[in-house]
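Spelled out from the first residue to the last, the chains are:
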Amino acid sequence: MRALVTTAVVAPLLAAGLGAAPTAGAQDLTDGGRLGGGSSQLLPDGVTLGSVGGPELSQVESVDLERYAGTWHQVAAIPQPYTLQCTNDTKAEYAVTPQGTVSVKNTCGSAISSDSSIEGEATVRDTDTNASLRVNFGGVPFQDPNGPVNYRVTYLAEDYSLAIVGDPTRSSGFVLSREPELSPEQWSTVRGVIEDRGWWSCAFLTVPMAGGRGDATPLCLLP
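A brief look at the structure comes next. (Residues numbered from 1 in each chain as written. Predicted model: local features only at pLDDT ≥ 70, side-chain atom pairs only at ≥ 80, totals over all residues. Heavy atoms only, no water.)

**Quick word on the overall build of the protein chain**
Within the protein chain one finds 2 helices and 9 strands. Of the contacts formed within the protein chain by residues at least 6 apart in sequence, a portion of 67% connects residues at least 24 apart. Of the roughly 9400 Å² that the protein chain leaves accessible, carbon and sulfur atoms contribute 51%. (Helix = DSSP H or I, 4+ residues; strand = E, 2+ residues; numbered from the N terminus. Contact = heavy atoms within 4.5 Å. Areas by Shrake-Rupley, 256 points an atom, 1.4 Å probe, with all protein chains shown as cover.)

Have a look at this one:
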């Protein structure tokens, strides 16, 4: 299989009232934090929300797609403008398809509407490693299915319990965990990797979720 998937994104600091709940049957562009890992396709050229500069985001040497599939909790992320309604419990579910792509279902809790979800598909652009991908979601405007890589795995724990991903320019960043709660040692590892890869750790906010942290705190302020 030569495919991988993205994850949901969240803007937990943004309170209800910054946007209206979608009307019945309407397409909601913030639904489910829909473009996790593909955030740069809705931002102007040159915008790098969390980057401190330097070369492109590095990638891991190899990703086993079957092991990567399953459920991930997004425990921290750089908030994105199209995820205003996402407030908590952001998750992604992946499955490798017979066609060699990977399906994705992103979900998040919301304070201004019912729980949100969006489905999409990702294809691998670097078939030697499976670490760089193009992610697209149905019904979202401004997407180019043939566009450049917008999701890169830059850290992956040996046991596939923890991953850090983002856009090659670091305009997005996501911390993914198999469990909703991280140990202090894991948070320390996450912060170290993020800063080593050229992100500003204060741009990442923890994500409130059941069984995990209940706050939205900049990663640089964690003990």
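**Observations regarding the state of the cysteines**
The tally for this structure, following the rule as stated, stands at 2 disulfides. Covalent S-S linkage joins Cys86 and Cys108, the inter-sulfur distance amounting to 2.2 Å. Since a negative S-S torsion denotes a left-handed disulfide, the Cys86-Cys108 link at about -65° is left-handed. Highlighted residues: Cys86 in strand β2 (residues 86-96) and Cys108 in strand β3 (residues 102-110), separated in sequence by 22 residues. In terms of burial, Cys86 and Cys108 fall into one category: buried. One disulfide in the model links Cys202 with Cys220; its S-S distance is 2.0 Å. Across the S-S bond of Cys202 and Cys220 the torsion is about 110°, and the bridge reads as right-handed. (Disulfide = S-S within 2.5 Å. Buried < 20%, exposed > 50% of the residue type's maximum accessible area, 1.4 Å probe, protein only.)

**Side note on the pairing of strand β1 (residues 70-77)**
Most of β1 sits inside the fold, with 6 of its 8 residues counted as buried. Across 4 bridges, the pairing between β1 and β2 is antiparallel. The residue of β2 that forms the bridge with Thr71 is Glu93. Pairing geometry for β1 and strand β8 (residues 173-177), over 4 bridges, is antiparallel. Opposite Ala76, over in β8, you have Val175 as the bridge partner. (Pairing = 2+ DSSP bridges.)

**Quick notes on the packing of aromatic side chains**
Across all of its chains, the model carries 3 aromatic pairs by this definition. Summarising the aromatic geometry, the rings of Tyr68 and Trp72 are spaced 5.1 Å apart at their centres and angled 40° between planes, so their arrangement reads as tilted. Per residue, the accessibility class of Tyr68 equals that of Trp72, and both read buried. Plain terms: the ring middles of Tyr68 and Tyr94 are 5.7 Å apart, the flat faces sit at 10° to each other, and that makes the pair stacked. With a gap of 26 residues between them, Tyr68 in helix α1 (residues 65-68) and Tyr94 in strand β2 connect regions that are remote in the sequence. The class for Tyr68 is buried, based on a relative accessible area of 0%. Looking at Tyr94, the relative accessible area reads 6%, which means it is buried. Members of the aromatic cluster, joined through ring pairs, are Tyr68, Trp72 and Tyr94. The positively charged end of Arg178 is found above the aromatic ring belonging to Trp72, 3.8 Å away from the centroid. (Phe/Tyr/Trp six-rings, centres within 6.5 Å; stacked < 30°, edge-to-face > 60°. Lys NZ or Arg CZ within 6 Å of the ring centre and 35° of its normal.)

**A short note on the environment of Arg67**
Mapping Arg67 onto the fold places it in helix α1. Classification of Arg67 as partly exposed rests on a relative accessible area of 41%. Each C-alpha atom of the pair Arg67 and Ser161 lies 9.9 Å from the other, and the pair is 94 residues apart in sequence. Excluding its chain neighbours within four sequence positions, the residues that come into contact with Arg67 are Glu158, Asp159, Tyr160 and Arg178.

**A closer look at unusual backbone geometry**
Although it is not a glycine, Phe142 sits at a positive phi angle of roughly 70°. Along the chain, the position of Phe142 falls in the loop between β5 (132-137) and β6 (151-156). For Tyr160, which is not glycine, the phi dihedral falls at a positive 60°. In this structure, Tyr160 sits in the loop between β6 and β7 (162-166).

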